[in-house]
Structure formats: structure tokens, C-alpha cells
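Observations on the three-dimensional arrangement
Residues per chain, in single letters:
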Amino acid sequence: MEVGQMQRQWMGYMKSLFMEGFLDGQFLQLQQLQDENNPEFVVEVVSLFFEDSERILKDLSFAVDQQSVDFKKIDAHVHQFKGSSASIGAQRVKNACIAFRNFCEEQNIDACRSCLQQVKQEYIHVKNKLETLLRLEQQIVAAGGSIPMMEWN
Amino acid sequence: MAAAGEIFRSNLTELLEESHSGDDELHVLAVDDSLVDRKVIERLLKISSCKVTVVESARRALQYLGLDGDGENSDIGFDESSVFREIPVVIMSSENVLTRIDRCLEEGAEDFLLKPVKLSDVRRLKDFIMRGEVKDGEKSSLKRRRSSDDCTPSLSTTFSPMRHLCDPPSSVFSPLSPSTLSSKKSRL
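Residues numbered from 1 in each chain as written. Chains lettered and ligands numbered in written order. Predicted model: local features only at pLDDT ≥ 70, side-chain atom pairs only at ≥ 80, totals over all residues. Heavy atoms only, no water.

An unreviewed UniProt entry lists chain B under the name Response regulatory domain-containing protein, from Trifolium subterraneum.

Under an unreviewed UniProt entry, the name given to chain A is Histidine-containing phosphotransfer protein, and the source organism is Trifolium pratense. Turning to chain A, the UniProt record has this under Function (unreviewed entry): "Functions as a two-component phosphorelay mediators between cytokinin sensor histidine kinases and response regulators (B-type ARRs). Plays an important role in propagating cytokinin signal transduction." (UniProt positions renumbered as here; feature names shortened; annotations may be inferred.)

Shown next as C-alpha cells:
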């Protein structure tokens, strides 16, 4: 596949991620922060996000499994997750966290457990999507092309 | 912990010595407990031509500035004339809670950024701070309020940045927490 084709494929994929609500404008902000001096920036941030998320999900699973549930602690973890997902533009994860926090406030443990599953699912979804996207970017760059700039209104 | 404090302190001494470089570069001390956010804010600031130091907590921030109360070198003369009072503090939060924001601003924060922070936010803020836009009226009302309090001046006091005088951080971007600000106050 030649570079132009790959770039078009990338653009199509990006568009679908936005249309489907996986990503929002904040992800484009990150793209803007990448340049020749920092060509790996997006990959680095996304990797940190994955690392951080796995840790938070582990802590969350532990917290909701406790005999005596500490809703404040759960809420704190979810708040963190909401923050980091918002920072990279992982919109669906962020929204799942918002719903989760509401149930923490209500101290509804069953709803919280179900929310945790939701958040996990959304995270796995966006992780796969991002990995695919970043792989496409790698291919473009390896073929000597550059990653197109996108706008989203 | 103490060793880390020492490293930060000697770092600061170096900064003070290098200070008269005459460049207009803002040096920002960014404080955030989120790994992802630290990475993003660092890049946002660097791309906006700021020198950046990122730390993960208020404690580390105070250590970096040598204000943590550990060891003999901690007392860098934090008084009325201290250069630290010149440093503008900007608060960041993902939550738009007006009462909390107002309280931070009353305690002396220069501005508030809603997370996730964008490039346009940083640019706007940088322009604002570079122009030293604290109005005189505002300045004196802040002064008046502080002299009526019995507490020592807090790190979050804002006056016009005197970045030419020396180069500790020109501003501190910090997570929103009135308790952090007031705990800084009580320690100083």
C-alpha cells in the first residue's frame, strides 16, 4: 500500500472513532503536541494511559470486591480514571466513569459492580482502537509519510 | 525523602545562580498526581516555550522550592520580601466547582484552568502572566486582606511575576485544593 492510501485509511479510521464517540477533541490536542522534535508523543501518552488504566482497574476490582465496601475509595479511583481518560480524549471511558461516580455517591454496590464492568469494556474497546490507529501511524511514518492533521468540530 | 529534598535544593541554588540569563522564558513548576496529566502538561508548556519542572505532589513541589521545613537550608527567608511571593499560582481541576475555585482565587491563585487543559488555555495564560496583568487595585486589596490575617504569607500569593529577578519557577500550576494552599500557609 502506498503512503497516500495509508493516510486515507488513517483518516477514515480517525473519523469513525470520532463519529462513534470513542475519541473526542482532546485527542486532537495531543496530535497537535506532536512534531518532529517529539514524534512519539502520542504513543508515549497513550502508553502511559494504558499503564495507568491497568493499575486503576486492578485497584477498582479489589475495592469493589471487599466485604466492607469503601465507596469513597472507589470514587477516588474512578475520579482518577475519569481524569486520565478525559486527558487523552477517551470519551466513552470518561462517560462510563461519570455514570460510575453517580452510583458511588448513591452507595449502590450492585450498580457499582456493573459500572466497573462497563468501564472495563469501554477501556478494552478504546485500547484496541488506539492500538490499531497507532499501528497505522507507524506504517505511514515507516513508509516515509507524515500523519495528516485533523480537525473535528 | 531528605536526599531528594537536597537534590531539589541544590537544583534551586543552581537555578538562582543561572538566573541572570536575560531570557524571557517562563519557568513553570507543574504539580499533578496523574501520570498522564503530568506528561500532557509538560508538553503543553514546553511547546509554549516554557521551561518546565514537573512534580507529582504538593509535598514534592515544596521540596523543590526548598520550603518543606526539612533540614537547615529550608528557611530561604520566606518573608515579606521573599521572591516566592512573586510567583503566580494557577489552579487546575477537572471539576468546575465554583465555590472551590473562588476560594482558591481568594487565597491568591492567579487563575483557574479546567481540565483537560488545551494548548489555547496555556497560550492564553502565558500571555496573561507575561504581561503581569494583576491590576494595582487588586494588588492592594490582596495586601490589605493579608495584613489583617495573622498568618504568614502563603506560596499562593500573586503579584506581578518578577522573572527577571531570579529564576525559580515563574509560576506554579497546581491541582485544585484549598486544603493544599492552606496547608502550605500553615507550614510557612
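Time to look at the overall build of chain B. When helices and strands are tallied, chain B shows seven helices and five strands. When the helices and strands of chain B are listed from N to C terminus, the series reads α-β-α-β-α-β-α-β-α-α-β-α. Every one of the 188 residues in chain B was classed for burial, and the buried ones make up 51%. Within chain B, contacts between residues at least 6 apart in sequence are counted, and of these 72% link residues at least 24 apart. Carbon together with sulfur atoms contributes 49% to the accessible area of chain B, which is approximately 8800 Å² in total. (Helix = DSSP H or I, 4+ residues; strand = E, 2+ residues; numbered from the N terminus. Buried < 20%, exposed > 50% of the residue type's maximum accessible area, 1.4 Å probe, protein only. Contact = heavy atoms within 4.5 Å. Areas by Shrake-Rupley, 256 points an atom, 1.4 Å probe, with all protein chains shown as cover.)

Quick look at the overall build of chain A now. A tally of helices and strands in chain A yields six helices and zero strands. Each helix and strand of chain A, ordered N terminal to C terminal, gives the series α-α-α-α-α-α. The principal-axis extent of the C-alpha atoms belonging to chain A is close to 55 × 25 × 25 Å. Counting only residues that meet the buried cut, chain A has 46% of its 153 residues in that class. Counting every atom, chain A has about 7900 Å² of accessible surface; 48% of that belongs to carbon and sulfur. Within chain A, one finds 15 positive and 21 negative side-chain charges whose respective centroids are separated by 4 Å. (Lys, Arg positive; Asp, Glu negative; His and termini not counted. Charge placed at Lys NZ, Arg CZ, Asp CG, Glu CD.)

This next bit is on the UniProt feature "modified residue: Phosphohistidine" (unreviewed entry) in chain A. Residue and element names in this part refer to chain A. Mapped onto this numbering, the UniProt entry gives "modified residue: Phosphohistidine" (unreviewed entry) at His79. By the secondary structure assignment, histidine 79 is in helix α4 (residues 71–88). Classification of histidine 79 by relative accessible area gives partly exposed; the value is 27%.

With that out of the way, let us pick up the confidence of the model for chain B. All names here are of chain B. The share of residues in chain B with pLDDT of 70 or more is 51%, and the mean pLDDT across the chain is 68. For the stretch residues 133–167, pLDDT sits under 50, and the model shows 74 contacts to residues farther than four places along the chain or on other chains. Of the regions scoring below 50 in pLDDT, residues 177–188 engages in 24 contacts with residues more than four places distant in sequence or in other chains. The complex model carries a pTM of 0.76, and its ipTM stands at 0.92. (pLDDT = per-residue confidence, 0-100.)

Counting residues at the interface gives 22 residues for chain A and 14 residues for chain B. Each partner contributes to the roughly 1600 Å² buried at the junction of chain A and chain B, and carbon and sulfur atoms together form 62% of this total. Among the residues of chain A in contact with chain B, Gln26(A), Leu33(A) and Leu48(A) are the three that bury the most area, contributing 30% of the side total. At the junction of chain A with chain B, the criterion picks out three salt bridges. Between Arg101(A) and Glu95(B) there is a salt bridge, and its shortest N-O distance comes to 3.0 Å. Counting across the interface, chain A meets chain B through seven residue pairs in polar contact (both at pLDDT 80 or more). (Buried area = accessible area lost by both parts, 1.4 Å probe. Salt bridge = Lys/Arg side-chain N within 4 Å of Asp/Glu carboxyl O. Polar contact = N/O pair within 3.5 Å; in protein donor to acceptor, adjacent residues only side chain to side chain.)

Another point: the packing of aromatic side chains. Residues and elements named next belong to chain A. In this structure the tally under the stated criterion is five aromatic pairs over all chains. Look at phenylalanine 49 and tyrosine 123: their rings are 6.0 Å apart centre to centre, the planes differ by 65 degrees, and that puts the pair in the edge-to-face class. Separated by 74 residues along the polypeptide, phenylalanine 49 in helix α3 (residues 41–64) and tyrosine 123 in helix α6 (residues 109–142) bring together distant segments of the chain. A relative accessible area of 3% means that tyrosine 123 is categorised as buried. Relative to tyrosine 123, the ring of phenylalanine 50 has its centre 6.2 Å away and its plane inclined at 80 degrees; by these criteria the two rings are edge-to-face. Here phenylalanine 50, found in helix α3, pairs with tyrosine 123, found in helix α6; they are 73 residues apart in sequence, far enough to count as distant. A residue is classified by how much of its surface remains accessible, and phenylalanine 50, at 11% relative accessible area, is buried. By the ring-pair criterion, three or more aromatic residues cluster together here, those being Phe49, Phe50, Phe81 and Tyr123. (Phe/Tyr/Trp six-rings, centres within 6.5 Å; stacked < 30°, edge-to-face > 60°.)

Turning next to the pattern of salt bridges. Applying the stated rule across the entire model yields 15 salt bridges over all chains. When the shortest N-O distance is used, the salt bridge between Lys115(B) and Asp32(B) registers 2.7 Å. With Lys115(B) in the loop between β4 (111–114) and α5 (119–130) and Asp32(B) in the loop between β1 (27–31) and α2 (35–47), this pair connects stretches of sequence that are 83 residues apart. Salt bridges sharing partners connect three or more residues here, namely Asp75(A), Arg101(A), Glu95(B) and Arg100(B).

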